[in-house]
Amino acid sequence: MLRHLSIRDFVIVATLDIEFDSGFTVFSGETGAGKSILIDALALTLGARADASVIRTGESRADIIAEFDAYPQVARWLEEHALGQDGDVVMLRRVIDAGGRSRAFINGTPATLTQLREVGEMLVDIHGQHAHQLLMRPDAQRELFDTHAGLTDSAAGVNRAWRAWRDAQHAIDEAQSRDRELQLERERLAWQLSEFDKLASQPGEWEEVSAEHHRLSHSASLIDDVQGALGALSESDDAMISQLGSIISKLRGLADIDPELNDALAALEPAEIQLQEASYSLSHYAQRLELDPDRLAQVEKRMEQLHSTARKFRLLPETLPEEHEARRRQLAELDAAADLDALNAAVEKAKGAYFDQAKVLSKARAKAAKALSKAVTEGMQELSMAGGSFDVALVPLADGGANGLEQIEFRVAGHAGVALRPLAKVASGGELARISLALAVIASAASPTPTLIFDEVDTGIGGGVAEVVGRLLHQLGRDRQVLCVTHLPQVAARGDQHFQVAKSSDDAGGTVSTVTALSRAKRVEEVARMLGGLEITATTRKHAKEMLAA
């Protein structure tokens with residue numbers, strides 16, 4: 001449940017800190033005092049959109065913090081998302097600066113708006129003051145019904161299956177409409193692939209052929225220079241190895257006379273070994289080296305083939321193997337796209353998957369429709385619509401749709417003996433408000449969300465109906481936390497806590513909104529104001545005391 005709400009510089013709220021308890025809490029005040037502003041501020045911590053216009057005039061940023069009690073489902077979510085939990089408290093924070101930039105935090109850790117919305121949906125359920133107007137829309141009726149019935153995941157699965165079916169059908173339509181174009185493209189790719197197949201270039205071939213060509217084209221120079229090097233090292237009369245051997249032999253004899261020559265001898269002996277190894281290596285290389293004009297011609301011919309194909313397709317020679325494989329893949333994909341039999345099979349498979357899921361959803365909806373129809377009909381009797389009835393109609397769709405095999409339609413009969421007709425066509429404003437409220441209370445009773453907020457959902461009702469509404473909300477507050485912004489004294493009198501929202505001027509001449517927790521005596525005055533307007537009389541005070549005592 002919501003424990004604490006802290007607001008700084010939001011719209012006309014300068015500084016506000018409110019502590020909440022369980023049960024039924026009401027907010028009242030004059031029109032324009034800022035009652036719904038509190039709900040808007042809380043909605044920001046739950047992931048609602050915001051811009052710089054929400055910042056109080058003259059300030060640089062708005063800052064809202066909401067603290068909630070955690071429960072197991074929320075704790076698991078926090079653990080999965082590595083958003084540390086401070087004991088049993090979940091702290092949501094939202095900061096909006098003058099540039100319209102927004103920052104969000106969960107338990108002090110930066111978070112995304114999507115994460116705020118996810119955790120917010122587990123903590124709070126807000127019923128806005130225009131909820132009854134939304135009921136005129138078919139999609140709103142379907143969403144409310146599926147949410148109440150716990151079928152949102154199943155409905156989302158049906159929607160995904162529908163899109164998969166549509167995509168498969170679109171692939172066939174595209175293949176048929178582009179048949180000629182695809183055929184031309186296929187012929188082009190087939191010709192290119194045949195050219196690449198004839199060339200049969202291999203990965204790394206261009207580098208290998210280039211290196212061999214370079215070597216073969218310089219064979220004469222290699223032979224002459226290698227032979228020259230061998231002569232200088234070991235084959236001429238004054239070969240380096242012979243001269244060095246003679247020097248080493250002389251030094252060995254001299255080292256017997258003076259041991260200090262051993263250092264020079266130790267440096268020269270390895271050099272002799274290195275020269276001999278170099279000579280052996282050059283000799284081995286020279287034995288394999290020969291002029292081979294035939295092989296050079298073959299290599300030059302292969303290089304020309306690679307060059308020619310690369311120029312034809314405007315490619316680099318070294319990329320030919322990669323492009324060869326790419327053409328092969330493209331042709332295979334094109335063949336698959338032109339395979340109407342395979343595409344038709346994919347459509348039938350996707351269609352079957354859609355209808356399988358949609359039938360399961362329809363069965364669950366039929367069961368839930370009976371239960372909701374009965375519950376709302378009973379609620380209507382309490383809300384001064386005696387004899388009226390409510391029905392959730394499942395109107396079949398010939399070929400199904402994105403949201404299932406039926407359209408959800410709320411139908412109502414305002415009085416006994418009147419035929420059920422679509423809600424949008426027959427309900428008056430007052431009836432619509434009462435039905436909306438009955439739906440909200442019933443849907444909330446089935447929801448696991450610990451905190452429920454009703455923002456002026458009692459608009460359009462009064463008198464005895466208002467008393468019933470107050471009693472229903474108070475009863476709902478026995479099982480969870482209920483917050484209600486109201487203008488009805490009958491509802492306000494039922495609150496376990498009562499906050500008054502007032503508007504005043506600050507020292508700078510601006511407008512600020514304040515919230516005060518009312519004592520018993522102050523509640524009498526506020527309920528009396530709600531009953532009688534600006535002028536509070538002894539009669540309205542008496543009536544207010546009676547309402548609070550009840």
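Residues numbered from 1 in each chain as written. Predicted model: local features only at pLDDT ≥ 70, side-chain atom pairs only at ≥ 80, totals over all residues. Heavy atoms only, no water.

### Let's talk about the domain arrangement of the protein
Then step 1. Annotation of the protein at the domain level lists domain 1 (1–128 + 456–518), domain 2 (200–335) and domain 3 (520–549).
Then step 2. Between the C-alpha centres of domain 1 and domain 2 the distance comes to 81 Å. (Domains from an automatic or database assignment.)

### Structural notes on the sheet that holds strand S10 (residues 404–413)
Then step 1. What the three strands build is an open sheet, ordered S9-S10-S11; its pairing is antiparallel. Two strands close off the open sheet at either side, each with one partner strand: strand S9 (389–401) and strand S11 (421–422).
Then step 2. Here nine bridges tie S9 to S10, and the two strands are oriented antiparallel to one another. Bridging across to S10, Ser-389 finds its partner in Ala-413.
Then step 3. Along the sheet, helix H14 (residues 340–382) makes contact with S9 and S10, crossing S9 at roughly 165°. (Pairing = 2+ DSSP bridges. Helix = DSSP H or I, 4+ residues; strand = E, 2+ residues; numbered from the N terminus. Contact = heavy atoms within 4.5 Å. Axes fitted to C-alpha atoms, helices over the stretch in contact; angles between N-to-C directions.)

### Looking at the pairing of strand S6 (residues 102–106)
Then step 1. In this structure, strand S5 (residues 89–97) lies alongside S6, joined through five bridges in antiparallel fashion. Among the inter-strand pairings, Val-95 is bridged to a residue of S6, identified as Arg-103.
Then step 2. The hairpin turn running from S5 into S6, its antiparallel successor, is four residues long, and Gly-100 in that turn takes a positive phi close to 85°.
Then step 3. For S6 and strand S7 (residues 109–111), the ladder comprises three bridges, and the chain directions are antiparallel. Within S7, the residue paired with Ala-104 across the bridge is Ala-111.

### Quick look at the sheet that holds S5
Then step 1. The six strands lie next to each other as S2-S1-S4-S5-S6-S7, forming an open sheet whose pairing is antiparallel. The sheet is open, and its two borders are formed by strand S2 (13–19) and S7, each paired with just one other strand. Geometrically, the sheet is characterised by an average inter-axis angle of 15° between neighbouring strands, direction not taken into account.
Then step 2. Across the sheet, helix H1 (residues 35–45) lies against strand S1 (2–10), S2, strand S4 (61–69) and S5, angled at about 100° from S1, the strand it touches most.

### Let's talk about the pattern of salt bridges
Then step 1. Applying the stated rule across the entire model yields 22 salt bridges.
Then step 2. A salt bridge links Glu-143 to Arg-142, with the shortest nitrogen-to-oxygen separation between them at 4.0 Å.
Then step 3. For Glu-143, a relative accessible area of 45% translates into the label partly exposed.
Then step 4. Classification of Arg-142 by relative accessible area gives buried; the value is 17%.
Then step 5. In this structure, the salt-bridge partner of Glu-526 is Arg-529, at a minimum N-O distance of 2.7 Å. Taken together, the residues Glu-526 and Arg-529, both in helix H19 (residues 520–532) and three residues apart, mark about one turn of the helix. Of the two residues, Glu-526 and Arg-529, both sit in the buried class.
Then step 6. When salt bridges with common partners are traced through the structure, they connect Asp-9, Arg-56 and Glu-59 into a single cluster. (Salt bridge = Lys/Arg side-chain N within 4 Å of Asp/Glu carboxyl O. Buried < 20%, exposed > 50% of the residue type's maximum accessible area, 1.4 Å probe, protein only.)

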